[in-house]
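For reference, the chains in residue letters:
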Amino acid sequence: MSKLTPPTRQKIGSRTRLVHAGRDTDEQHGFINMPPWRGSTVLYPTYESLSARSQRYTYGTKGTPSTDALESAWTEISGAAQTVLAPTGLAAIALALMTAAKAGDHILITDSAYLPTRQFCNTILLRMGVETEYYDPCLGAEITTLFRPNTSLVLVEAPGSQSFEIQDIPAISRAAHERDICVIADNTWATPLFFPPHERGVDLAIEAGTKYLSGHSDLMLGLVSANERWRKRLRETYDCFAMCPGPEDIFLALRGLRSMELRLREAERQGLAMAHWFLSRPEVKDVLHPALPGHPGHAIWKRDFSGSSGLFSIILHPVPEAAVAAMLNGLELFGMGYSWGGFESLVIPFNCASYRTATRWNPGGPALRFQIGLENIEDLKDDLDRGFERLRNAV
Ligand SMILES: *Cc1c(COP(=O)(O)O)cnc(C)c1O
């Protein structure tokens, strides 16, 4: 899919790779970007080729030049053997779980997982005869104590959704692989640019492309990459569901890919600047950002990750809910809404206590999750400064 020679492709840096992956201008009449390929029917030239399905493209659900381009680019960037696409990040999670779990299995899901992941396990997988056990995200190699003869997969997510625990993924992977247990990672926060999942032992890595791959809050997409051990099984599962994203969404994802590292590095810089500023605020009890030396997972983060993105949480000193509402309601630059990874700053209040089962969430004050966008940092601080003033006045 890329016209780079194998030696060049071997040695190029990640930014060069993002520019070239999944793109061959010779095949596009010289145009830089591939157009969206739309289509269901693919014609076969002869009776024989139809009977044998002996051509690269056979039907709309089985792949198009658009899906090939994004899949091959993501495979290259992730250090994977195979990638399949999905219409949303959650669909990608479902696909990965359905690839590795079967009736009668016991599966281990981190207590810090994205809430809809739990809902999928607690409804669909439960109905299919799969027993889910939630585990403390701080477990590393000790995860073996939870293994049963029928344990088939461990799902990790680091940092944890909203709560930002860092997991020892290499240690969990080593333990799991001794028993051929599949390790699935939701790698959305770090992306393969800050955490190369398969190099760290992950078998199936999920990315909600909705976030940093899109980068513009106008796209929903999921990706699952697999190592050699799981590539066939993943493709087979994908083919059974045929949950294909649309060609325009793939087009937007490929466009986002080219600038993803620049945006991520900027998100990191902006996120850290805001995290440090929050640390200095008297209203803030704690900042949950793994790149801060005071974070309990900092040492593992430093060992395994090469960067941090622009999403983190803070804990406020105890105040009434109305004070938090007064703070958030008047914000002019921070929008309130779900998802993240776009160019604009966002904030949401959250409380993990209502759904956690293996660990207790008791941070000692109201919790807010921030997505830091590309605005001028001083403007963001001014907006929050006024927000903290409203908060103090409402106490
Ligand atoms: C947003 C998100 C998802 C789901 O992505 P959608 O495209 O919104 O379905 C999955 N995992 C994590 C960690 C997320 O933040």
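Just so it is clear, the structure is predicted and the values come from calculations on it, not from any experiment.

Some points on the sheet that holds strand β9 (residues 311-316)
Read across the sheet, five strands follow the order β8-β9-β12-β11-β10 without closing on themselves; strand pairing throughout is mixed. Every other strand in the sheet has two partners, leaving β8 (284-288) and β10 (335-336) as the edge strands with one partner each. With five bridges joining them, β9 and strand β12 (residues 367-371) adopt antiparallel strand pairing. Bridging across to β12, F312 finds its partner in F370. Packing against the sheet, helix α11 (residues 260-279) makes contact with β8, β9 and β12, and its axis sits at approximately 10 degrees to β9.

Considerations on the layout of surface pockets
The volume enclosed by the largest pocket comes to roughly 660 Å³. Lining of the largest pocket is provided by 34 residues; of these, Y114, S161, K211, W340 and R369 occupy positions nearest its centre. Sorting the residues of the lining of the largest pocket by element identifies α5 (89-100), α6 (115-127), β6 (204-208) and β11 (346-350) as the ones contributing at least two each. The residue makeup of the lining of the largest pocket, split by class, is 19 nonpolar, ten polar and five charged. Formed jointly, the lining of the largest pocket draws a minimum of three residues from each of two domains, domain 1 (13-22 + 60-256) and domain 2 (260-394). Around the second largest pocket sit 25 residues that line it, and S163, E165, H295, P296 and W361 are the ones nearest its centre. For the lining of the second largest pocket, the element with the most residues is β8, which contributes three residues. A breakdown of the residues in the lining of the second largest pocket according to their chemical character gives eleven nonpolar, seven polar and seven charged. The residue makeup of the lining of the second largest pocket includes at least three contributed by each of domain 1 (13-22 + 60-256) and domain 2 (260-394).

Re the sheet that holds β6
The sheet built from seven strands is open, its strands ordered β1-β7-β6-β5-β4-β2-β3 with mixed pairing. Two strands bound the open sheet, and with one partner strand each, they are β1 (82-86) and β3 (131-135). On average, each strand axis in the sheet is tilted by 20 degrees relative to the strand beside it, whichever way the strands run. The pairing of β6 with strand β7 (residues 222-226) spans five bridges and is classified as antiparallel. From the neighbouring strand, A208 faces β7, where its bridge partner is G222. Seen against the sheet, helix α9 (residues 231-241) touches β1, β6 and β7 and runs at an angle of roughly 25 degrees to β1.

Some details on the site of the ligand
For the ligand, the set of nearby residues contains 14 residues, the closest of which are G89, L90, D186, T210 and K211. Between an oxygen atom of the ligand and a main-chain N or O atom of G89, the distance comes to 2.7 Å. L90 places a main-chain nitrogen or oxygen 2.9 Å from an oxygen atom of the ligand. Here the ligand, which alone exposes 380 Å², has 91% of that area covered by the protein. For the ligand, the cavity whose grid points lie within 2 Å of the majority of its atoms is the largest pocket. With three residues, α5 is the single largest residue contributor to the shell around the ligand. Of the residues that constitute the shell around the ligand, the class distribution is six nonpolar, five polar and three charged.

Conventions and cut-offs
Residues numbered from 1 in each chain as written. Predicted model: local features only at pLDDT ≥ 70, side-chain atom pairs only at ≥ 80, totals over all residues. Heavy atoms only, no water. Pairing = 2+ DSSP bridges. Helix = DSSP H or I, 4+ residues; strand = E, 2+ residues; numbered from the N terminus. Contact = heavy atoms within 4.5 Å. Axes fitted to C-alpha atoms, helices over the stretch in contact; angles between N-to-C directions. 1 Å grid on protein atoms, 1.4 Å probe; cavity = no way out; pocket = protein on both sides within 12 Å on 5 of 7 lines; lining within 4 Å. Points joined across faces, edges and corners; volume = space filled by probe spheres on them. Nonpolar A, V, L, I, M, F, W, Y, C, P; charged D, E, K, R; others polar. Domains from an automatic or database assignment. Near = heavy atom within 4 Å. Polar contact = N/O pair within 3.5 Å; in protein donor to acceptor, adjacent residues only side chain to side chain. Areas by Shrake-Rupley, 256 points an atom, 1.4 Å probe, with all protein chains shown as cover. Sits in = over half its atoms within 2 Å of the grid points.

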